[in-house]
Amino acid sequence: MNFAKLTDNLTKRGWAVSTFANKEDAAAYLNQQIDGQTVAFGGSMTLKQMGLYEQLSEHNKVIWHWKAAPGTEDEVRHNAQHAAVYLSSVNGVAETGELINIDGNGNRVSAIQYGPQKIYLVIGSNKIAPDYEQALWRARNIAAPKNAQRQHRNTPCAINADRCYDCNSPERSCRALSVLWCPPRGAEYEIILIDEPLGY
Ligand code: SF4
């Protein structure tokens, strides 16, 4: 994929951008950049597919609620807000430069906006949409239903596996929306673009 237009628009908005041909190269870069830190992960199939938890755990303190002992997930999510480094993917990125995330607990959309000093947003090529409206559509109708399916939610999107129904289910997993127009002040951000599909 040609990242030129996306990279150009992200750079104009103030983001630092690094591009990689595959997840192995991106993981090696992050593993080299992050050393001796307290690192937290948002919920992310992209990070899981990259094997980053295992790699970074060898020389960092890594906090991830997906690896938490049963019953401690909320405490782990809370601690993650205070990590020095935070890693997350996004649910959609527009070629015009907007970054979109939908969250259920709010921990991920919170941490990528305020708290940690360095935030890496790790993005596979499947997350890219031509403009803001289509990136938002993607986040709501592709990423969110797949997340609901993964969590075995009793929601129409998980049952029908086709689209978002903007449901009123008590098990609704979409409860907060984050749109990053530019890097928020007070932290260092780096976008990691990877030329292969990762996560959803
Ligand atoms: S709002 Fe409801 S139907 Fe839509 S993706 Fe989220 S959980 Fe599924």
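Residues numbered from 1 in each chain as written. Predicted model: local features only at pLDDT ≥ 70, side-chain atom pairs only at ≥ 80, totals over all residues. Heavy atoms only, no water.

Engineer: Mind laying out the overall build of the protein chain, listing which residues take part and the relevant values?
Structural biologist: Secondary structure summary: the protein chain contains eight helices and 10 strands in total. Here the C-alpha radius of gyration of the protein chain, 16 Å, is about what a compact globule of 200 residues would show, namely 16 Å. Looking at the 200 residues of the protein chain, the share that counts as buried comes to 50%. Intrachain contacts of the protein chain at a sequence separation of at least 6 include 71% that bridge at least 24 residues. Total accessible area on the protein chain stands at roughly 9,500 Å², and carbon and sulfur atoms take up 47% of it. Taking the average location of the 20 positive side-chain charges in the protein chain and that of its 21 negative ones, the two points are 5 Å from each other. (Helix = DSSP H or I, 4+ residues; strand = E, 2+ residues; numbered from the N terminus. Rg over C-alpha atoms; globule rule 2.2 N^0.38 Å. Buried < 20%, exposed > 50% of the residue type's maximum accessible area, 1.4 Å probe, protein only. Contact = heavy atoms within 4.5 Å. Areas by Shrake-Rupley, 256 points an atom, 1.4 Å probe, with all protein chains shown as cover. Lys, Arg positive; Asp, Glu negative; His and termini not counted. Charge placed at Lys NZ, Arg CZ, Asp CG, Glu CD.)

Engineer: Please provide a residue-by-residue account of empty space enclosed by the protein, values included.
Structural biologist: The full count for this structure, using the stated rule, is one cavity of 30 Å³ or more. Size it by volume and the largest cavity reaches roughly 100 Å³. Forming the boundary of the largest cavity are 14 residues, of which C157, C164, C167, R172 and C174 lie nearest the centre. Mapped onto the lining of the largest cavity, the elements with two or more residues apiece are α7 (132-150) and α8 (156-160). Per-element accounting of the lining of the largest cavity gives the leading share, four residues, to α7. (1 Å grid on protein atoms, 1.4 Å probe; cavity = no way out; pocket = protein on both sides within 12 Å on 5 of 7 lines; lining within 4 Å. Points joined across faces, edges and corners; volume = space filled by probe spheres on them.)

Engineer: An account of the pairing of strand β6 (residues 99-103) is requested, with residue identities and associated values reported.
Structural biologist: In terms of burial, β6 is largely enclosed, as five of its five residues are buried. Bridge count for strand β5 (residues 92-94) against β6 is two bridges, and the pairing is antiparallel. In the sheet register, G92 faces β6, and the bridge partner there is I100. In sequence, β5 turns back onto β6 through a hairpin of four residues, with G97 there showing a positive phi of about 110 degrees. (Pairing = 2+ DSSP bridges.)

Engineer: Describe the packing of aromatic side chains, listing the residues and the values that go with them.
Structural biologist: Under the criterion given, the structure shown has six aromatic pairs. Seen in terms of ring centroids, W15 and Y189 are 5.5 Å apart; in terms of plane orientation they differ by 85 degrees. Their pairing is edge-to-face. Residue W15 is found in the loop between α1 (4-12) and β1 (16-20), and its partner Y189 is found in strand β10 (residues 188-194); the two are separated by 174 residues along the sequence. What makes W15 buried here is its relative accessible area of 3%. Taken together, the aromatic side chains of F41, Y53, W64 and W66 make up a single cluster linked through ring pairs. (Phe/Tyr/Trp six-rings, centres within 6.5 Å; stacked < 30°, edge-to-face > 60°.)

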